[in-house]
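Spelled out from the first residue to the last, the chains are:
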Amino acid sequence: MSSVVRDQYKRPLHDLRVSVTDRCNFRCTYCMPAEKFGHDYVFMPKDQILDFEEILRVLSLVVPLGVRKLRLTGGEPLLRKGLHELIRGARQIPGIEDIAMTTNGTLLKRTAGQLRREGLSRLTVSLDSVDPEVFSVMNGGRLSLEDVLAGIAAAEEAGFTGIKINCVVQKGVNDHAILDLARHFRGTGHVVRFIEYMDVGNRNGWKLDEVLTAREILDRIDQSMPLEPVESNYVGEVARRYRYRDGSGEIGVITSVSQPFCGDCSRARLTTDGRLVTCLFAEGGADLRALLRDGTSDEVLSARIREIWEGRTDRYSEERATAGDQEPDSDSASATRRVEMYEVGG
Ligand code: SAM
Ligand code: SF4
Ligand code: SF4
């Protein structure tokens, strides 16, 4: 027997985000800062990483529980060899209506066509600035802005439309460049989404005074390019939508810090090493890999996933907001070990 599962606050399980690798060819200061992820950093060995068969098995077990959308992420998902095969496999699972990917875009030049042909429905490309210097500072200077722009062009050529462009806004770092980014994509049909910088993980030394709120972001854009709100597409849509009054396109803001949206949060996350995580701010997650590898039946595995979701009480961002946006004790030994962004993929 299977039916849509709901957590302790009646939130359904609708999306699964899978981090397909913990590796990345960027060193974004807010995610994998170069000083902590140097050349000697030890990434996960292959035997700890879920293979495609294991990922697809989890996917086929969560569909009867309510999942309709899959998002591939990482680390940088396009560093995972043969990713198109995973997309092909996911396409064959009845009930999966939408397969999306979040990527830094640098490897799209050689992969966009194949991803499209295998059935990738939607693309989100992360791009924090179209100013080459700001871009380089934020992303650790490993690759250039041109690599990302060429990736977006390749995706357009492959037939992807309405690409989402994710920009994490960090006060004093790239906030002076948000207008340029908005202007660059205005009129292209792509949607820039400005994300409030979040206190995810333990390693980025997050400070509240580095957050530019969505309200401030919108005010700045509205002053030179007037905006009006647009209705959400569906319940649980993370970005609040706005369009340019002159009809030249749309932008979004993701208000994770200033106006949390835990009430509609219907996402589970599967880490590269097979932990099921029910909140971006969770502490570790539930090990599914052991069950996937010890001969546990589908029935028992499915019951375990159901039990995890039914027990879910996560609403971290709302709790932080009511507690007065206190800064987490990021790097101290006393800080609880929270999952990192590159482990759960945003
Ligand atoms: N490497 C891919 C990329 O950058 O698109 C996928 C993984 S990345 C962890 C997913 C998203 O999380 C990116 O859009 C990134 O900008 C966002 N992100 C990472 N750290 C963040 C933070 N501290 N606050 C807000 N967004 C963050
Ligand atoms: Fe890599 Fe994405 Fe994290 Fe940047 S945000 S370091 S591109 S995983
Ligand atoms: Fe969902 Fe956790 Fe983010 Fe709230 S804080 S929206 S529960 S992931």
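Cut-offs and rules
Residues numbered from 1 in each chain as written. Chains lettered and ligands numbered in written order. Predicted model: local features only at pLDDT ≥ 70, side-chain atom pairs only at ≥ 80, totals over all residues. Heavy atoms only, no water. Helix = DSSP H or I, 4+ residues; strand = E, 2+ residues; numbered from the N terminus. Buried < 20%, exposed > 50% of the residue type's maximum accessible area, 1.4 Å probe, protein only. Contact = heavy atoms within 4.5 Å. Axes fitted to C-alpha atoms, helices over the stretch in contact; angles between N-to-C directions. Parallel < 35°, antiparallel > 145°, perpendicular 65-115°, else oblique. Left-handed = near helix turned anticlockwise from the far one by under 90°. Nonpolar A, V, L, I, M, F, W, Y, C, P; charged D, E, K, R; others polar. Pairing = 2+ DSSP bridges. Right-handed = clockwise from strand over helix to strand, strands pointing away.

K.L.:
How would you sum up the environment of glycine 151? Please name residues and give values.
P.N.:
In this fold, glycine 151 is placed in helix α5 (residues 145-158). Judged by its relative accessible area of 0%, glycine 151 is buried. For the pair glycine 151 and glycine 66, spaced 85 residues apart in sequence, the C-alpha to C-alpha distance is 33 Å. Apart from the residues lying within four places of it in its own chain, the contact partners of glycine 151 are Gly105, Leu108 and Lys109.

K.L.:
Talk me through the packing of helix α1 (residues 52-62) against helix α2 (residues 83-91); I want residue IDs and the actual numbers.
P.N.:
Packing of α1 against α2 leaves a shortest axis separation of 10 Å and a crossing angle of 30 degrees. By the angle between their axes, α1 is roughly parallel relative to α2. The way α1 lies across α2 gives a crossing that is right-handed. Taking contact as the criterion, the partners of Phe52, Ile55, Leu56 and Leu59 in α1 are, on α2, Leu83, Glu85, Leu86, Gly89 and Ala90. The residue makeup of the contact of α1 with α2, split by class, is seven nonpolar, one polar and one charged.

K.L.:
So, the sheet that holds strand β7 (residues 227-230): which residues are in play, and what are the values?
P.N.:
With respect to topology, twelve strands assemble into an open sheet ordered β7-β8-β9-β6-β5-β4-β3-β2-β1-β10-β11-β12, the strand pairing being mixed. Sheet topology places β7 and β12 (286-287) at the edges, where each strand pairs with a single neighbour. Pairing between strand β5 (residues 164-169) and strand β6 (residues 191-196): six bridges, direction parallel. Bridged to asparagine 166 within β6 is arginine 193. Along the sheet face, helix α6 (residues 178-185) touches β5, β6 and β8 (240-244) and points at about 155 degrees away from the line of β6.

K.L.:
Which residues make up the packing of α6 against helix α7 (residues 214-224), and what are the values?
P.N.:
Following both chains from N to C, one finds α6 and α7 inclined at 60 degrees, their axes separated by 10 Å at the closest point. In terms of their interaxial angle, α6 and α7 are classed as oblique. Considering the relative orientation of α6 and α7, their crossing is right-handed. Where α6 approaches α7, its residues Ile178, Leu179, Ala182 and Arg183 are matched on the opposing element by Ile217, Arg220, Ile221 and Ser224. The class makeup of the residues in the contact of α6 with α7 is five nonpolar, one polar and two charged.

K.L.:
Tell me about the pairing of β5, and name the residues and values.
P.N.:
Burial within β5 is extensive, with five of its six residues counted as buried. As defined by bridge partners, strand β4 (residues 122-126) adjoins β5 across three bridges and the pair is classed as parallel. Directly across from threonine 124, in β5, lies its bridge partner lysine 164. You can see the chain leave β5, run along α6 and come back into β6, and the turn it takes is right-handed.

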